[in-house]
Amino acid sequence: TINGEAGDDTITVNSAPSTGLNLSGGAGDDSYVVNFGSLSGTVTIVESSDNGTDSVTLNATPGNDVVTVTDSQTTSSGRTVAYDANLEVLTVSGGAGNDQFTATPSASGVTPIVTLDGSGGSDSLHITTAVNGFVPTTTGTVAVTGKNLSYLNIETVTVHDLPLAFDDVTST
C-alpha cells in the first residue's frame, strides 16, 4: 500500500507484485501514472477524499495491446488497474503497437472524463454502450450523460456496432 499525504501527490507505478498494490493519494489534486508492462497483480487506486481533481495516466506496452476501459477499471492484455468513483480524469495511452480499445462508459454519471490515445500503430476503438446521449462526432469526442470520452490517433471507431469511418483520425 502506498498512501499520499495532504496536498498534491504524484505516484508512479512501473511494477506491482502478484498480490497487487493499493494506492491512495489522500486530499488534494493527486496524479497517478501506471505503466502496464510489468504489473503482475492488480493496482487499485482509492481516493478516500473527493476534494481536488484526481487524475490517472495509464500507459500500455510498446507492442500490440487489447485495452478495455470501464467506469471502475482498465485492463491491458490481462493486467488490471482498478479505480473508484472519486477519480475525475483518466488518460490511457496505447503505445507504438496496433492497439484495440474497448470502452464501456457508464450512464450513471460516475465515469471519469476519459481520453484514449492510440499513439503509434494502427489503432481501433469500439464503444460498447449505446445509451441516451451518445453523440459521435468527427472531432474525436463521444458525449454520454454530461461526460466525454475523447480519442486521438485512433484510425477506426465503432459505436455500438455502428462504424464511423475515418481516414487517419487525429483529434483534440
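Residues numbered from 1 in each chain as written. Predicted model: local features only at pLDDT ≥ 70, side-chain atom pairs only at ≥ 80, totals over all residues. Heavy atoms only, no water.

**Observations concerning the overall build of the protein**
Note the following rule: Here a strand is any run of E in DSSP of at least two residues, a helix any run of H or I of at least four, and the numbering for each starts at the N terminus. Relative accessibility thresholds used throughout: buried, under 20% of the residue-type maximum; exposed, over 50%; partly exposed, between the two (1.4 Å probe, protein chains only). Should any heavy atoms of two residues lie within 4.5 Å, those residues are considered in contact. Computed with the Shrake-Rupley method and a 1.4 Å probe, the accessible areas treat only the protein chains shown as cover for residues.
Of the regular secondary structure elements, the protein holds zero helices and 18 strands. Counting only residues that meet the buried cut, the protein has 43% of its 172 residues in that class. Of the contacts made within the protein by residues no fewer than 6 positions apart, 54% connect residues no fewer than 24 positions apart. Put simply, the protein shows about 7700 Å² of open surface, and 49% of that area lies on carbon and sulfur atoms.

**Some points on the confidence of the model for the protein**
We count it as follows: pLDDT expresses how confident the predictor is about each individual residue, on a scale running from 0 to 100.
With 76% of its residues at a pLDDT of 70 or more, the protein shows a mean pLDDT of 81. Confidence scores differ between elements of the protein, with strand S18 (residues 162–165) showing the lowest mean pLDDT of 48 and strand S5 (residues 43–45) the highest of 97. Across residues 163–172 the pLDDT falls below 50, and counting only partners more than four positions away or on other chains, this stretch makes 23 contacts in the model.

**Some words on unusual backbone geometry**
Positive phi, close to 50 degrees, is recorded for Ser77, a residue that is not glycine. In this structure, Ser77 sits in the loop between strand S8 (73–76) and strand S9 (79–83). Take Ser77: its relative accessible area is 37%, and that puts it in the partly exposed class. Located in the positive-phi region is Ser119, a residue other than glycine, with phi close to 55 degrees. Note that Ser119 resides in the loop between strand S12 (113–117) and strand S13 (124–127).

**Remarks on the environment of Glu155**
Defined as follows: Polar contact is the term for a pair of N or O atoms within 3.5 Å; when the atoms are in protein, one must be able to donate a hydrogen and the other to accept it, and sequence-neighboring residues count only if both atoms are side-chain atoms.
For Glu155, the location among the structural elements is in the loop between strand S16 (147–152) and strand S17 (156–159). Through-space distance from the C-alpha of Glu155 to that of Gly121 is 9.1 Å; in sequence the pair is 34 residues apart. Reaching out from Glu155, the side chain makes a polar contact with the backbone nitrogen of Asp123 at a distance of 2.6 Å.

**What about the nonpolar core?**
Applicable threshold: Residues grouped as a nonpolar core are buried Ala, Val, Leu, Ile, Met, Phe, Trp, Tyr and Cys residues, joined through side-chain atoms within 4.5 Å.
With 32 residues, the main nonpolar core has Val43, Val81, Leu90, Leu116 and Leu125 as its most contacted residues. Broken down by element, this core gets its largest block of residues, four residues, from strand S4 (residues 31–39).

**With respect to the side chain of Asp123**
Convention followed: Positive charges come from Lys and Arg alone, negative charges from Asp and Glu alone, with His and the N- and C-terminal ends not counted. A pair is scored as a salt bridge if a Lys or Arg side-chain nitrogen falls within 4 Å of a carboxyl oxygen belonging to Asp or Glu.
Relative to the helices and strands, Asp123 is located in the loop between S12 and S13. Buried and unpaired, Asp123 has no salt bridge, with Arg79 as the nearest side chain of opposite charge at 15 Å. In this structure Asp123 touches Gly97, Asn98, Asp99, Gly118, Asn153, Ile154, Glu155 and Thr156, once residues within four positions along its chain are discounted.

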